[in-house]
Amino acid sequence: VQLQASGGGLVQAGGSLRLSCAASGRTFSNYFMGWFRQAPGKEREFVAAITWSGENTYYADSVKGRFTISRDNAKNTVYLQMNSLKPEDTAVYYCAARLNIRYRRISDSDGYDYWGQGTQVTVSS
């Protein structure tokens, strides 16, 4: 599956952005989807994930209550709604896909098989 992330940009602290990740090439509903981010000089970290049907969602503690992950399988797209943004949310955001969640935790980037190219989110103070 090919993934294309979009929607990043520059926003002031307290603002909102919605990221999109469009998938192509395979049956989107077969994939468990996640969002990760990587700030300069830091390791890539888990942000959020969503199950194949969208029934269950998972969040990093740092974004819980502010970010919402969702998916539209008819549009082959997963979203990340980001509210109450903080300067520490500044990073390149990546969407990722995996077929199953065996063997590796959903927060483990090594468990994901496919990655989008990333979209920059910059939050100014």
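Treat the numbers as computed from the prediction; the structure is a model and nothing was measured.

J.: Explain the overall build of the protein to me, please; I cannot follow it from the model alone.
T.: Of the regular secondary structure elements, the protein holds zero helices and 11 strands. If you list the helices and strands of the protein from N to C, you get β-β-β-β-β-β-β-β-β-β-β. On C-alpha atoms alone, the protein measures out to a radius of gyration of 13 Å, which is about the 14 Å that the 2.2 N^0.38 rule sets for 125 residues. Projected onto its principal axes, the C-alpha coordinates of the protein cover approximately 40 × 30 × 25 Å. In the protein, which comprises 125 residues, the proportion classed as buried is 42%. Sequence-distant contacts, at least 24 apart, represent 57% of the contacts inside the protein between residues at least 6 apart. Summed over all atoms, the accessible surface of the protein reaches about 6,500 Å², with 43% contributed by carbon and sulfur.

J.: I tried to follow the side chain of Thr77 on my own but got confused; where do I start?
T.: Tracing the backbone shows Thr77 in strand β8 (residues 77-82). Beyond its immediate stretch of four places on either side in the chain, Thr77 contacts Ser20, Cys21, Ala22, Phe28, Arg71 and Asp72.

J.: What is the right way to look at the pattern of salt bridges in this model?
T.: Here the idea is simple: oppositely charged side chains can pair when their charged atoms come close. Across all of its chains, the model carries five salt bridges by this definition. Of the charged contacts, one joins Glu45 and Arg37 as a salt bridge, the two residues approaching to 2.6 Å between their closest N and O atoms. A relative accessible area of 35% places Glu45 in the partly exposed class. Arg37 is paired through a salt bridge with Asp89; the nearest N and O atoms lie 2.9 Å apart. Taken together, the residues Arg37 in strand β4 (residues 32-38) and Asp89 in the loop between β8 and β9 (91-98) connect sequence positions 52 residues apart. Residues Arg37 and Asp89 agree in their burial class; the two are buried.

J.: Explain the sheet that holds strand β7 (residues 67-72) to me, please; I cannot follow it from the model alone.
T.: Where strands meet in a sheet, backbone hydrogen bonds hold them as pairs that are either parallel or antiparallel. An order of β1-β3-β8-β7 is seen for the four strands of this open sheet, with the pairing classed as antiparallel. Only two strands of the sheet have a single neighbouring strand rather than two, namely β1 (2-6) and β7. Strand-to-strand, the axes of this sheet are offset by a mean angle of 15°, without reference to chain direction. Taken together, the six bridges between strand β3 (residues 17-24) and β8 define a ladder with antiparallel strand orientation. Its bridge partner being in β8, Ser20 is matched across the sheet by Tyr79.

J.: Sorry, what's going on with the pairing of β7 here?
T.: Each regular strand shows side chains that alternate between the opposite faces of the sheet. Residues Phe67, Ile69 and Arg71 line the buried face of β7, whereas the alternating positions Thr68, Ser70 and Asp72 sit on a face that is not buried. Both β7 and β8 contribute to a ladder of six bridges, which runs antiparallel. Within β8, the position partnered with Thr68 by the bridge is Gln81. Here β7 folds back onto β8, and the loop between the two strands holds four residues, one of which, Asn76, carries a positive phi near 55°.

J.: Whenever I open this one, the pairing of strand β11 (residues 119-124) confuses me. Can you help?
T.: Only one face of β11 is covered, namely the one carrying Thr119, Val121 and Val123; the face carrying Gln120, Thr122 and Ser124 has none of its residues buried. With three bridges connecting them, β9 and β11 associate as antiparallel partners. Bridge pairing in β11 links Val92 to Gln120.

The rules behind the values
- Residues numbered from 1 in each chain as written.
- Predicted model: local features only at pLDDT ≥ 70, side-chain atom pairs only at ≥ 80, totals over all residues.
- Heavy atoms only, no water.
- Helix = DSSP H or I, 4+ residues; strand = E, 2+ residues; numbered from the N terminus.
- Rg over C-alpha atoms; globule rule 2.2 N^0.38 Å.
- Buried < 20%, exposed > 50% of the residue type's maximum accessible area, 1.4 Å probe, protein only.
- Contact = heavy atoms within 4.5 Å.
- Areas by Shrake-Rupley, 256 points an atom, 1.4 Å probe, with all protein chains shown as cover.
- Salt bridge = Lys/Arg side-chain N within 4 Å of Asp/Glu carboxyl O.
- Pairing = 2+ DSSP bridges.
- Axes fitted to C-alpha atoms, helices over the stretch in contact; angles between N-to-C directions.

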